[in-house]
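Spelled out from the first residue to the last, the chains are:
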Amino acid sequence: MAPWLDEGYGNPSSLHAEGRRAKDAIDSAREILSGALGCLFAEVLFTSGGTEAANLAIVGAALNNVGSPRDRILLGAAEHHCVLNVAPILRALGYRVELLPVDREARLDLNALERSLDEDVLLVSCMHANNELGSINPIRQIADLVHRKGALLHTDAVQTFLAPGLSWRVADLDADLLTVSAHKLYGPKGAGAIYIRAGVKLKPVQVGGGQEREMRGGTENVAAIAGFGVAVRAADRPVGENLRDEFVERLRPHGAAPSLGSWAGVLSGHAHVRFPGIDAETMLIVLDRLGVSASSGAACSSGSIEPSHVLLACGYSLREAKEGLRFSFGRSTTRELAIEAADRVIEGVRQIRSAGA
């Protein structure tokens, strides 16, 4: 990324040599990304992150079809806020927005989806893996149901793109629109991308100078896009052993209640638990003092004291939805670190319970 942060690099829309070099850097990253996704070079557009990409997928499809007989859009109830929070925009455009129920583990209820689908549905949005619980949805099966009714499918694949232990290409999922983000691959924050299947029409949400084939106006963040490409290319680096199971097992005797019945069909780097009777907000403050980084949901909601909308959608009570904790294990996490983290979590639980005694 460093060369593209220097004051000497050009605007990638310019015709001079510096601009052409910047454009070449973007095209190189696009080639790397399209290769990893298994799609055409022209089917990838860069954005400022997963949120903008998801907004473009859903709102862009809606804008392109205003006034058509397909006036319903279906969103999974446990989707990321970047999907759920477009609902007011869609309604302002005249669409009927419906939330699809999920099961106890945040997976889409396929029977409910099938009942809701009809010829008036324009688009369904369902994430590949839930960002809080880590549970993976059967996207190919969902795509089959959606396409039978002629609707479009968008999937938020931020959590699963090149994730350890997962191997897929866009053809495997069969989504029409798919969104990813660089920072989940150890790339820079503020870089994302959208796959738009050839033939699928969107209207731009962000207009300006016509960059990204007139689909996303604004001068491209060359450094971030170049970093995204490098992160994708480096994503096959070996990762540590699966540390989640041992971590959770150390917590169980101290009251931890895993939110998932088994680890089958769950991202290997995710552990979501509750300590019944202990608010996540209180726990996170204590854990931070103990040097443990954890979250209670999406990182972009970390300042919120609201209960988890994901747990509420799964059928948990309001109290229980305020107890969820997400722990993530990454490339640099060793077994020793995981064990030490578990011990500090146990100490945090002890401190909270002692204070409340």
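Everything below is about the structure printed above this text.
Residues numbered from 1 in each chain as written. Predicted model: local features only at pLDDT ≥ 70, side-chain atom pairs only at ≥ 80, totals over all residues. Heavy atoms only, no water.

**Comments concerning the overall build of the protein chain**
- Scanning the protein chain from N- to C-terminus turns up 14 helices and 10 strands.
- Computed over its C-alpha atoms, the radius of gyration of the protein chain comes to 21 Å, within 12% of the 21 Å expected for a compact globule of 357 residues.
- With the C-alpha coordinates aligned to their principal axes, the bounding extent of the protein chain is approximately 70 × 50 × 30 Å.
- Taken over 357 residues, the protein chain has a buried fraction of 52%.
- Of the contacts made within the protein chain by residues no fewer than 6 positions apart, 72% connect residues no fewer than 24 positions apart.
- With an accessible surface of roughly 15800 Å², the protein chain has 51% of that area assigned to carbon and sulfur atoms.
- The positive charge centre, built from 37 side chains, and the negative charge centre, built from 42, are 1 Å apart in the protein chain. (Helix = DSSP H or I, 4+ residues; strand = E, 2+ residues; numbered from the N terminus. Rg over C-alpha atoms; globule rule 2.2 N^0.38 Å. Buried < 20%, exposed > 50% of the residue type's maximum accessible area, 1.4 Å probe, protein only. Contact = heavy atoms within 4.5 Å. Areas by Shrake-Rupley, 256 points an atom, 1.4 Å probe, with all protein chains shown as cover. Lys, Arg positive; Asp, Glu negative; His and termini not counted. Charge placed at Lys NZ, Arg CZ, Asp CG, Glu CD.)

**A word on the side chain of glutamate 220**
- Its location among the elements puts glutamate 220 in the loop between helix H8 (211-214) and helix H9 (222-233).
- No salt bridge is formed by the buried glutamate 220; its nearest oppositely charged neighbour, arginine 30, is found at 5.7 Å.
- Other than its neighbours up to four places away in sequence, glutamate 220 contacts Pro12, Ser13, Ile26, Gln211, Glu212 and Ile225. (Salt bridge = Lys/Arg side-chain N within 4 Å of Asp/Glu carboxyl O.)

**Comments concerning the pairing of strand S6 (residues 177-181)**
- With 5 of 5 residues buried, S6 is to be regarded as a mostly interior element.
- Along S6, one buried face is formed by Leu177, Thr179 and Ser181 and the opposite face, lined by Leu178 and Val180, is buried too.
- Strand direction decides the pairing type here: strand S5 (residues 152-156) and S6, joined by 3 bridges, are parallel. Along S6, the bridge assignment pairs aspartate 156 with threonine 179.
- In terms of strand pairing, S6 meets strand S7 (residues 192-196) through 5 bridges, oriented antiparallel. (Pairing = 2+ DSSP bridges.)

**Notes on the nonpolar core**
- Residues Leu37, Leu113, Phe228, Phe247, Phe275 and Phe327 are the most contacted members of the largest nonpolar core, which totals 84 residues.
- Of all the elements, H9 adds the most residues to this core, at 8 residues.
- With 28 residues, the next largest nonpolar core counts Leu45, Ala53, Leu56 and Val83 among its residues. (Core = buried A, V, L, I, M, F, W, Y, C linked by side-chain atoms within 4.5 Å.)

**So, the sheet that holds S5**
- Taken in spatial order, the 7 strands of this open sheet run S1-S7-S6-S5-S4-S2-S3, and their pairing is mixed. Because the sheet does not close on itself, it has two edges, and the strands there are strand S1 (44-47) and strand S3 (96-100). Each neighbouring strand pair of the sheet contributes to a mean axis angle of 20°, computed without reference to strand direction.
- Across 4 bridges, the pairing between S1 and S7 is antiparallel. In the sheet register, phenylalanine 46 faces S7, and the bridge partner there is alanine 193. (Axes fitted to C-alpha atoms, helices over the stretch in contact; angles between N-to-C directions.)

**Some points on the sheet that holds strand S9 (residues 270-274)**
- On the basis of which strands lie adjacent, the open sheet formed by 3 strands has the order S8-S9-S10 and antiparallel pairing. This sheet does not close on itself; its edge strands, each paired only once, are strand S8 (257-258) and strand S10 (324-328).
- Where S9 meets S10, 5 bridges bridge the pair, whose relative direction is antiparallel. Within the sheet, the bridge partner assigned to arginine 274 lies in S10 and is glycine 324.

**Points about the packing of helix H10 (residues 244-251) against helix H14 (residues 335-356)**
- At a closest axis distance of 9 Å, the pairing of H10 and H14 adopts a crossing angle of 25°. With respect to H14, the element H10 is oriented roughly parallel. Helix-helix and strand crossings are classified by hand; for H10 and H14 the assignment is right-handed. Contact residues: H10 offers Glu246, Phe247, Arg250 and Leu251, while H14 offers Arg335, Ala338, Ile339, Ala341, Ala342, Asp343, Val345 and Ile346.
- Considering only residue class, the contact of H10 with H14 consists of 8 nonpolar, no polar and 4 charged. (Parallel < 35°, antiparallel > 145°, perpendicular 65-115°, else oblique. Left-handed = near helix turned anticlockwise from the far one by under 90°. Nonpolar A, V, L, I, M, F, W, Y, C, P; charged D, E, K, R; others polar.)

**As for unusual backbone geometry**
- Of note in the backbone geometry, leucine 162 takes a positive phi value of approximately 60° without being a glycine.
- Within the element layout of this structure, leucine 162 appears in the loop between S5 and helix H7 (170-173).
- In the Ramachandran plot, tyrosine 186 falls in the positive-phi region, its phi being about 70° despite a non-glycine side chain.
- Within the secondary structure, tyrosine 186 is located in the loop between S6 and S7.

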